[in-house]
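The chain contents come next:
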Amino acid sequence: DPQQTELTTASKRKLRRFIVIDEVVDQLYGSKVREYFEENNVQHKILALPTTEETKSMDLVLNILQEVQDFGLDRRTEPIIAIGGGVCLDIVGLAASLYRRRTPYIRVPTTLLSYVDASVGAKNGVNFLQCKNKLGGYTPPVASFLDRSFIQSIPRRHISNGLGEILKMALMKHKGLFDLFKNHGKYLLDTKFQSCNGFADHRDAALQTTRIAIETMLEELAPNLWEDDLDRLVDFGHLISPELEMRVLPSLMHGEAVNVDMAFMTYVAHARGLLGAEEKEQILQCMRGLELPLWHSGCSWALIQRALRERLKHSGGQPRMPLPTGLGVAEIFNDISEETLERAYKLWVRD
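Just so it is clear, the model here is predicted, and its values are computed rather than measured.

Undergrad: Honestly, the packing of aromatic side chains in this entry has me stumped. Any pointers?
TA: Geometry of an aromatic ring pair is reported as the spacing of the ring centres plus the angle between the planes. The tally for this structure, following the rule as stated, stands at 7 aromatic pairs. Consider the rings of tyrosine 29 and phenylalanine 150, whose centres lie 4.9 Å apart with planes at 80°: the pair is edge-to-face. Of the two residues, tyrosine 29 is situated in helix α2 (residues 23–39) and phenylalanine 150 in the loop between β7 (143–144) and α6 (156–173); the sequence distance between them amounts to 121 residues. Here tyrosine 29 matches phenylalanine 150 in class, with each residue buried. Ring centres of tryptophan 301 and tyrosine 345 lie 5.6 Å apart, and the angle between their planes is 40°; on these two criteria the pair is classed as tilted. Remark: tyrosine 345 occurs in helix α13 (residues 338–350) and tryptophan 301 occurs in helix α12 (residues 301–314); sequence separation between them is 44 residues. Tyrosine 345 carries the same exposure label as tryptophan 301, and that label is buried.

Here it is in structure tokens:
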């Protein structure tokens, strides 16, 4: 903003920034972040924190807010910067929304999952009473800065974890994205989503995949940012996974739990007659190729029933179950019978 730049340069006041960074990211990139602010003559405070599902709580939010208060942040002109994975972005988003009722914040995702998921949309939150994201709100960031070079330093399992959320959008909305995974899935894992020269046959699959994933996510979220309409295709993989993820922590990461949910729902779609046997097998084979889990011993029939009861409580008394009706197409269903669900579960466990 030229006007903002002019005001900043004309002002005698030094630029100031408060940064919350995941402690693992700080070990890898903290020196570069500090160097950047020092070279640009920005007074800064960097708060490195352990941001995991186990620490994702109001206690950590209050810890951040105490540090923000001590720093003396100007809530209009000095955005809080969050650098880390989805948990970090969620926690900082909630803290910013509470400080002086709303302080601007910027998201800098450093994992594949946060790059395509947490960086998009308005939601933030923390876990409460062993329930995932039970406390939170809708406060969009003023900006999200996307840089795939962060992803090269995360472990292979974390790449696979992020692929679960991208596969969700492929199965719900975009057969072309599904085909990209079928053709380039192993390559994307091997190259950690970096754009590599000399691989013409892959035609920068990393850029294509992330761009399509974010665009399709935005198509779904933008008209319904505050979730006034509870019929949401982006809820695919999120009916059972919140209960499962919290129950088996830390054995499943978020995208892995989502994929276990999606695998079961693929069987539900097949049992209902929405997917043929060949389409079902194509989806499962794609999941295997992306090194995602298709099943977990913690996902019992009792847990599925409990998770779906919770779903009814929070979705207006309807299950609003997104299911694939083909490859890259889907619909919302409210009439999947208990008998169909149980038959799908037995087939899933058998396989």
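Undergrad: Is there a simple way to explain the environment of glycine 93 in this structure?
TA: For glycine 93, the location among the structural elements is in helix α4 (residues 86–98). Taking the C-alpha atoms as reference points, glycine 93 and glycine 137, separated by 44 residues in sequence, lie 8.8 Å from one another. Non-local contacts of glycine 93, meaning those with residues more than four positions away in its chain, are made with Tyr105 and Asn124.

Undergrad: What is the right way to read the nonpolar core from this model?
TA: Nonpolar side chains in soluble globular proteins tend to end up buried together. Of all hydrophobic cores here, the largest spans 73 residues; its most connected members are Leu167 and Phe264. No other element matches the 11 residues that helix α10 (residues 254–272) contributes to this core. Built from parts of two domains, this core gets at least three residues from each of domain 1 (14–151) and domain 2 (155–224 + 231–350). With residues up to four places along the chain from it excluded, the contact list for phenylalanine 264 reads Ile240, Ile304, Leu341, Ala344, Tyr345 and Trp348. Grouped together as the second largest cluster of nonpolar side chains are 25 residues, Leu65, Val68, Ile80 and Ile91 included.

Undergrad: What is the right way to read the domain arrangement of the protein from this model?
TA: For an interface, size is often stated in terms of accessible area lost upon the parts coming together. When its domains are assigned, the protein resolves into domain 1 (14–151) and domain 2 (155–224 + 231–350). Distance between the C-alpha centres of domain 1 and domain 2: 27 Å. Taken together, the contact between domain 1 and domain 2 spans 19 residues of the former and 28 residues of the latter. Around 1,900 Å² of area is buried between domain 1 and domain 2 when both sides are counted, 68% of it from carbon and sulfur atoms. If you sort the residues of domain 1 by the area they bury against domain 2, Leu112, Leu113 and Arg148 come out on top, with a joint share of 33%. The tally of links from domain 1 across to domain 2 stands at 1 salt bridge. Between lysine 132 and glutamate 245 there is a salt bridge, and its shortest N-O distance comes to 3.4 Å.

Undergrad: I keep staring at α13 and nothing clicks. Help me out?
TA: Structural remark: α-helix, 3.6 residues per turn; residues separated by three or four positions point the same way. In a regular helix each residue adds 1.5 Å, so 13 residues correspond to 18 Å; α13 covers 18 Å between its end C-alpha atoms and thus fits that length. Inspection of α13 places Thr340, Leu341, Ala344, Tyr345 and Trp348 among the buried residues, and these make up the whole buried set. One face of α13 carries all of its buried residues, which in axial projection span an arc of 135°. For α13, the exposed residues set more than 90 degrees away from the buried face come down to Lys346 and Arg350.

Undergrad: Explain the packing of helix α9 (residues 241–248) against α12 here, please?
TA: To characterise two packed helices, one gives the angle between the axes of the helices and the distance between these axes. Relative to each other, α9 and α12 sit at 125°, their axes nearing to 8 Å. Classified by the angle their axes make, α9 and α12 are oblique. Where α9 approaches α12, its residues Glu243, Leu244 and Arg247 are matched on the opposing element by Leu303, Arg306, Ala307 and Glu310.

Undergrad: Help me understand the sheet that holds strand β4 (residues 105–109), please; the structure alone is not making it clear to me.
TA: The strands making up a sheet are joined through hydrogen bonds of the backbone, oriented either antiparallel or parallel. Across the sheet, 5 strands lie side by side as β2-β1-β3-β4-β7; this open sheet has parallel pairing. One side of each edge strand has no neighbouring strand; the edge strands of this open sheet are β2 (43–49) and β7. Taken together, the 2 bridges between β4 and β7 define a ladder with parallel strand orientation. Counterpart to isoleucine 106 in the pairing with β7 is alanine 143. Packing against the sheet, α4 makes contact with β1 (16–22), β3 (80–84) and β4, and its axis sits at approximately 165° to β3.

Undergrad: Hey, could you run me through the environment of threonine 103 in this one?
TA: Following the sequence through the fold, threonine 103 ends up in the loop between α4 and β4. Residue class for threonine 103 comes out buried when judged on its relative accessible area of 0%. Separated by 45 residues in the primary sequence, threonine 103 and arginine 148 have C-alpha atoms spaced 27 Å apart. Excluding residues within four positions of it along the chain, threonine 103 makes contact with Leu73, Arg75, Glu78, Ile80 and Ala96. Of the polar contacts made by the side chain of threonine 103, one reaches the backbone oxygen of tyrosine 99; its length is 2.9 Å.

Undergrad: I keep staring at the side chain of glutamine 194 and nothing clicks. Help me out?
TA: In this structure, glutamine 194 sits in the loop between α7 (175–191) and α8 (205–221). With relative accessibility at 17%, the residue glutamine 194 sits in the buried group. Leaving out residues up to four positions away in the same chain, glutamine 194 has contacts with Arg148, Ser149, Ile151, Gln152 and Ala206.

Reading guide: rules and limits
- Residues numbered from 1 in each chain as written.
- Predicted model: local features only at pLDDT ≥ 70, side-chain atom pairs only at ≥ 80, totals over all residues.
- Heavy atoms only, no water.
- Phe/Tyr/Trp six-rings, centres within 6.5 Å; stacked < 30°, edge-to-face > 60°.
- Helix = DSSP H or I, 4+ residues; strand = E, 2+ residues; numbered from the N terminus.
- Buried < 20%, exposed > 50% of the residue type's maximum accessible area, 1.4 Å probe, protein only.
- Contact = heavy atoms within 4.5 Å.
- Core = buried A, V, L, I, M, F, W, Y, C linked by side-chain atoms within 4.5 Å.
- Domains from an automatic or database assignment.
- Buried area = accessible area lost by both parts, 1.4 Å probe.
- Salt bridge = Lys/Arg side-chain N within 4 Å of Asp/Glu carboxyl O.
- Expected span 1.5 Å × (residues − 1).
- Arc of directions from axis to C-beta.
- Axes fitted to C-alpha atoms, helices over the stretch in contact; angles between N-to-C directions.
- Parallel < 35°, antiparallel > 145°, perpendicular 65-115°, else oblique.
- Pairing = 2+ DSSP bridges.
- Polar contact = N/O pair within 3.5 Å; in protein donor to acceptor, adjacent residues only side chain to side chain.

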